[in-house]
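Chains, contacts and geometry: an overview
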Amino acid sequence: MKNSPSSPSSTSGKSIQSDCLPSGGVPRSIAITHSRSRLRLKLLPPGKEIVNPAYIDYCSNENEVENEENYEAKITEDSRNISSPSFPSENDILANDNYRSLRRSVSNECMTSSAPMGSGLAQALMAAQVLSLIPTESARERSFLSGRLGPSSLLGPTELNRVIPTKEVKIFVGTWNMNGQTPPKQMNDFVLPTAVEHVPDIVVVGTQESCPEKFEWEATLQETIGPSHVLFHSVNLGTLHLVVFLRRDLIWYCSAPEDSYLSVRPGTAFRTKGAVAISFCLFGTSLLFVTSHLTAHQQKVKERVSDVKHLPKNLPIRHKNKDVTQNFDCVFWCGDLNFRLSEPRENLLEWIQKTSFPLPSHLPHGFMHTDQLTSVLSDGAAFKGFLEANITFPPTYKYDPGTQQFDTSSKQRAPAYTDRILYKFRHPYLLRKNSSSGSNNILECLAYDSVPSIISSDHKPVWALFKTCIRAGTDSMPLAAGLFNREIYLEGIKRRLNNSYADSSAVCSIQ
């Protein structure tokens, strides 16, 4: 079930009690520590925020600014470990050039229909935060949607500068073969790793051999990430699952998502091998996310290469080119790719025991020269144009479930880096000299790591953090119009508020 919040100028993106948008409309980064602590998230769903009565009391006297300072000082001690207060500070207010004129022009009729607000300051704060005032004359001229190339169109440069002033977004991509097991109740180490300072703008998680409880898994992710993000789209094929979460205010600037899936084992009872994909545009930048599960077993390199060659040509998304990955500005391909290390098991175990992880990123990896995927990438046999960051973590497969011990079963599988995240970008299409970071990289991998603390599966989760540039778009594309999965959002936030978790013992038996 999908639902649309209120419009971009409504309480969904600029609510009084939103901790995502300070005054002025520029999104505020949310610290990972705050999301993990769950202390900042005592919020109601979009459109149901209420004004703090204590704040109104402090603003009810004549000396409004002084009382606001007293109020801020009073709550500082109690909110030291919580994100900044929902209301803008005095400096935020005074920094707004339109604030004083806005305060004088707020209509009394707009306020009398609701509960008494106590003072002119509280009224002006409501108007400044809730309303994006558009001059009637400008609206009559249709300047806000003046065609596909209008500078002030919804996806144009003016709006891009307002919503994403740096023209850069952070993208989290995670992959995990769940081995059909119910996920742990705490997913912070995977989705909110401490190595990441702020919650990324886009969070994408692909799973293989997923738990059959799709709703439970998506609600767990929503609960972990918090109310700053919403589930934009998800798709599954058998035991493959891919989900995209977006920062709430960005859903108004995305095209309608497309999804696709393809099995490399047609006709099988359980579609455990294949790929699923989701694509969309953020402003004018097109993004494609793919998760796949390729053919298993050490010796079947040719079969895996064949899978990789087959999938991009047959995923029915934007068939301008035969290879679908050439149709997008940025492509992220993650999953259990099943490529192994061509080294005896005993040598690998000895190396792992003697090595301290993470490895120094500037030094060569001890056994990556025997990695099958590394050879495939360097030879161009598959994944043409894709890149991978340096691997500094230990092998992610195969463990005895519930332990940190590598496979002790009769099969004695050798440790391997089966779980990978690759990325690719099109010809330099939006290099910007005015980028605030001063970087000329279109798509850059900032971090690449595994999650050793999660032991429910025989695989370890792997995640990567990317930074990419965003360019202005045109209003000719079909927009998602703010749609998101409201059912998952409400369930996830309810769990955060109650600090409770739904028990589940569902286990999927993979054939």
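Residues numbered from 1 in each chain as written. Predicted model: local features only at pLDDT ≥ 70, side-chain atom pairs only at ≥ 80, totals over all residues. Heavy atoms only, no water.

Under an unreviewed UniProt entry, the protein chain has the name phosphoinositide 5-phosphatase and belongs to Megaselia scalaris. Per UniProt, the protein chain carries the Subcellular location (unreviewed entry) text "Cell projection, Cilium". (UniProt positions renumbered as here; feature names shortened; annotations may be inferred.)

As for the overall build of the protein chain
Helix and strand content of the protein chain: 16 helices and 11 strands. Within the protein chain, the fraction of its 511 residues that count as buried is 53%. Considering only residue pairs separated by 6 or more positions, the protein chain has 73% of its internal contacts joining residues 24 or more positions apart. When the accessible area of the protein chain is evaluated, it comes to approximately 22,700 Å², of which 51% is carbon and sulfur surface. (Helix = DSSP H or I, 4+ residues; strand = E, 2+ residues; numbered from the N terminus. Buried < 20%, exposed > 50% of the residue type's maximum accessible area, 1.4 Å probe, protein only. Contact = heavy atoms within 4.5 Å. Areas by Shrake-Rupley, 256 points an atom, 1.4 Å probe, with all protein chains shown as cover.)

Let's talk about the packing of aromatic side chains
How two aromatic rings sit relative to each other is set out by the distance from centre to centre and by the angle between their planes. For the structure on display, the rule yields 19 aromatic pairs. Here Tyr-253 and Phe-283 contribute two aromatic rings whose centre-to-centre distance is 4.9 Å and whose plane-to-plane angle is 5°, an arrangement assigned as stacked. Linking Tyr-253 in the loop between strand 4 (240-247) and strand 5 (258-263) with Phe-283 in the loop between strand 6 (274-282) and strand 7 (285-293), this pair joins segments that are 30 residues apart in sequence. With respect to class, Tyr-253 is no different from Phe-283; both count as buried. Summarising the aromatic geometry, the rings of Phe-289 and Phe-332 are spaced 5.0 Å apart at their centres and angled 10° between planes, so their arrangement reads as stacked. Highlighted residues: Phe-289 in strand 7 and Phe-332 in strand 8 (residues 330-336), separated in sequence by 43 residues. (Phe/Tyr/Trp six-rings, centres within 6.5 Å; stacked < 30°, edge-to-face > 60°.)

A short note on the packing of helix 12 (residues 214-225) against helix 16 (residues 486-498)
The contact between helix 12 and helix 16 brings their axes to 8 Å, and the two run at 60°. On the basis of the axis angle, helix 12 is oblique to helix 16. Viewed along their axes, helix 12 and helix 16 form a crossing whose handedness is right-handed. Judged by residue contacts, Phe-215, Glu-216, Glu-218, Ala-219, Thr-220, Gln-222, Glu-223, Thr-224 and Ile-225 of helix 12 engage Glu-487, Ile-488, Tyr-489, Glu-491, Gly-492, Ile-493, Arg-495 and Arg-496 from helix 16. The residue inventory of the contact of helix 12 with helix 16, partitioned by class, reads 6 nonpolar, 4 polar and 7 charged. (Axes fitted to C-alpha atoms, helices over the stretch in contact; angles between N-to-C directions. Parallel < 35°, antiparallel > 145°, perpendicular 65-115°, else oblique. Left-handed = near helix turned anticlockwise from the far one by under 90°. Nonpolar A, V, L, I, M, F, W, Y, C, P; charged D, E, K, R; others polar.)

Quick word on unusual backbone geometry
Omega for the bond connecting Phe-357 with Pro-358 falls within 30 degrees of zero, at 0°, which places this linkage in the cis form. Along the chain, Pro-358 falls in the loop between helix 14 (345-354) and helix 15 (372-379). With omega at -5°, the peptide bond leading from Tyr-397 into Lys-398 counts as cis. Mapped onto the fold, Lys-398 is located in the loop between helix 15 and strand 9 (419-425). Positive phi is not limited to glycine here, since Asn-338 has a value of about 70°. Note on placement: Asn-338 falls in the loop between strand 8 and helix 14. Here the phi dihedral of Gln-412 falls at roughly 50°; this positive angle occurs in a residue that is not glycine. Its location among the elements puts Gln-412 in the loop between helix 15 and strand 9.

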